[in-house]
Amino acid sequence: MSDAEFTVHTDATIGRIDPETHGHFSEHLGRCIYEGIWEADEADGEGVREDVKELLADLEIPVLRWPGGCFADDYHWEDGVGPKDERPRRRNLFWAQGPEELPEESNAFGTDEFLQFCEDVGTEPYLAANVGSGDPQEAANWVEYCNYDGDTELADRRRENGHDDPYEVKYWGLGNENWGCGGRMSPEQYAREYRRFATYVGTQSGLMLDHDLELIACGFEDHEWNRRFLEEVSKSAWGADFPLDHLTFHHYYGRTMSVAEADEDDFDSFLAGALEMDDHITRIAGAINAVATTRDIGVIIDEWGAWHTEAISENGLEQPGTALDALSAAVVLDVFNDHSDVVTMTNIAQTINVLQCLVETDAEEAWARPTYHVFDAYAPHKGNEGVRTTVDTPSRELEDDEELPLVGGSASTGDDDTFVTLTNRDCREDHTVTVSLEGTDPEAVDGQLLFGDQDPKAEVSKDNAAEFEPADLDADLNGGTVTVELPAASVATLSLS
Ligand code: AHR
């Protein structure tokens, strides 16, 4: 007997799933950049890790945000360009690594190293400019250094530093968490700062550059803050045409959960926390709609993911990589698909070694974490048309009147097929799910299953990493309907043609 019915309304389109919904975020924090992307050793000198580059290139990551995070709020880009031995060593203000490890930044990995890394991996860079302690001139100069093809000192400096052609960096974040580590600003204060920065950065777009920039403002999970910011920022001499292409917020969940101590009730609350993404997107889109009637402002979630009590500043925000966290990523990616009309980019935190990373390293090797396999399995959604789905599922009552729907998913349509992703968020029991497609009659189905054999708390290590790879899923196609058995805490994908 089927205990969940999942219906795909293939004609009810939502919007194109922007490939950049599968984006990433890497900060100068713990072992993300140094030891994660960039390594130094006496024999080989220093450079990008080939193993990490390969894993990320294979995943075809569409966009990578850098250099922070809070680190960006105090970062001066000129420290990180030019001859290595002339680059100043600075303290890393926000990411102290405990009393024995001095929180210092060597600046060995700077703008040119990052942008070259993006070119090598085949990903679009997203640079976050310093609004917290920097000024608009510094941000405008960074754009000129990266992108200008003319005959100026800054463009020449880039050429001297080894890059003749402009990098054409499109995405520019003007600030990070400016309500917190980015200057503790009120929404009105940040709006006024944003307008100043956008004037000097945005004016270059289409004028001295032969390509457009997309400017990204920093918002908050408090949507009244966002509404006040947007109201103030729109009081610009540009009128309704103010330069603001995307508004962001961050959503971390599981902050009070210890992976080591968690039980099944904690798993439920954790997954309910991941699902709150849905409400946040609806509410920020509402705040945007209240002021941006004449132009589109996209929603970006440029930091998201599981953050557990194991991840503390002293250990560089490292936490175990589990099947449960990976399941939560699948839940969130499904939410993004359901909002493909407004979501223009998202960036999971953080790519390597830190928080809900996709890749983990030690001195010798790099390996995929379970979340890597979720991104890989969900890749066929990228660029597809998101379509509405409905689900009739059992749910579990949680504390505080919360409810966890135990089965969920999303769907999209491509040239000739429909791609469906499903999650069983029930960490206690298996569920049988019947999937029907309204509006098409599929003749073939291919299925994959993730984490079918794993305990939700199963932790990845380099020795067991292969155990988290996807397996084939038995999917019965009967009169246009597919039935699958989803083990507790698992993720499934179905390609129907
Ligand atoms: O990702 C870790 C930190 O979380 C970032 O630096 C900051 O923006 C957020 O608070």
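Preceding this paragraph is the structure being described.
Since this is a predicted model, take the numbers as computed values, not measurements. In this numbering scheme, every chain counts its residues from 1 along its sequence in written order. Only residues with pLDDT of at least 70 are given local features in this predicted model, and only at 80 or more are side-chain atom pairs given and counted; all residues enter the totals for whole chains, interfaces and linings. Calculated side-chain values reflect all of the structure's heavy atoms, with hydrogen atoms and water omitted.

**Q** How should helix α7 (residues 264-291) be read in this particular structure?
**A** Helical periodicity: at 3.6 residues per turn, an α-helix aligns residues three or four positions apart in one direction. A run of DSSP states H or I qualifies as a helix once it reaches four residues; a run of E qualifies as a strand once it reaches two. Both are numbered from the N-terminal end. Given the number of residues in a helix, its expected span is that number minus one, multiplied by 1.5 Å. End to end, α7 covers 43 Å across 28 residues, agreeing with the expected 40 Å (1.5 Å per residue, within 8%). Here the bend at a residue is taken as the angle between two axes, fitted respectively to the seven residues that end there and the seven that start there. Most pronounced at Ala274, the bend in α7 amounts to some 25°. We call two N or O atoms a polar contact when they sit within 3.5 Å, provided that within protein one can donate a hydrogen and the other can accept it, with sequence-adjacent residues counted only if both atoms are side-chain atoms. One side-chain oxygen at the N-terminal end of α7 lies 3.1 Å from the backbone nitrogen of Asp265; it belongs to Asp263.

**Q** Please explain the pairing of strand β8 (residues 124-129) as it appears in this structure.
**A** Residues in a regular strand project their side chains so that they alternate between the two faces of the sheet. Where burial is concerned, most of β8 is hidden: five out of the six residues are buried. DSSP calls a pair of strands paired once it identifies at least 2 bridges connecting them. Bridge count between strand β5 (residues 63-66) and β8: four bridges; the pairing is parallel. When the bridges of β8 are listed, Trp66 appears paired with Leu127. In this structure, β8 lies alongside strand β9 (residues 171-174), joined through four bridges in parallel fashion. Looking across to β9, one finds that Leu127 is bridged to Trp172. The buried label applies to any residue whose accessible area, calculated with a 1.4 Å probe on protein chains only, is under 20% of its type's maximum; exposed applies above 50%, and partly exposed to all values in between.

**Q** I would appreciate a short explanation of the sheet that holds strand β23 (residues 471-472) in the present structure.
**A** Hydrogen bonds along the backbone pair up the strands of a sheet, which may run parallel or antiparallel. Taken together, ten strands build an open sheet; the order of strands is β23-β22-β26-β20-β19-β16-β1-β21-β25-β24 and the sheet is mixed. Only two strands of the sheet have a single neighbouring strand rather than two, namely β23 and β24 (476-478).

**Q** Would you mind showing me how to read the state of the cysteines here?
**A** In protein structure, a disulfide is the covalent linkage between the sulfur atoms of two cysteines. Two cysteine sulfur atoms form a disulfide, by the criterion used here, when they sit within 2.5 Å. Per the stated rule, a full pass over the model turns up one disulfide. Between Cys70 and Cys181 runs a disulfide, and the two sulfur atoms are separated by 2.2 Å. Judged by the sign of its S-S torsion, about -80°, the cystine formed by Cys70 and Cys181 is left-handed. Of the two residues, Cys70 is situated in the loop between β5 and β6 (90-91) and Cys181 in the loop between β9 and α5 (187-202); the sequence distance between them amounts to 111 residues. Judged by relative accessible area, which is 13%, Cys70 ranks as buried. In this structure Cys118 is not part of a disulfide, and its nearest cysteine sulfur, from Cys146, lies 11 Å away. For Cys118, a relative accessible area of 1% puts it in the buried group. Take Cys146: its relative accessible area is 0%, and that puts it in the buried class.

**Q** Honestly, the pairing of β5 in this entry has me stumped. Any pointers?
**A** The two faces of β5 match: Val63 and Arg65 on one face and Leu64 and Trp66 on the other face are all buried. Pairing between strand β2 (residues 23-25) and β5: two bridges, direction parallel. Paired with His24 across the bridge in β5 is Leu64.

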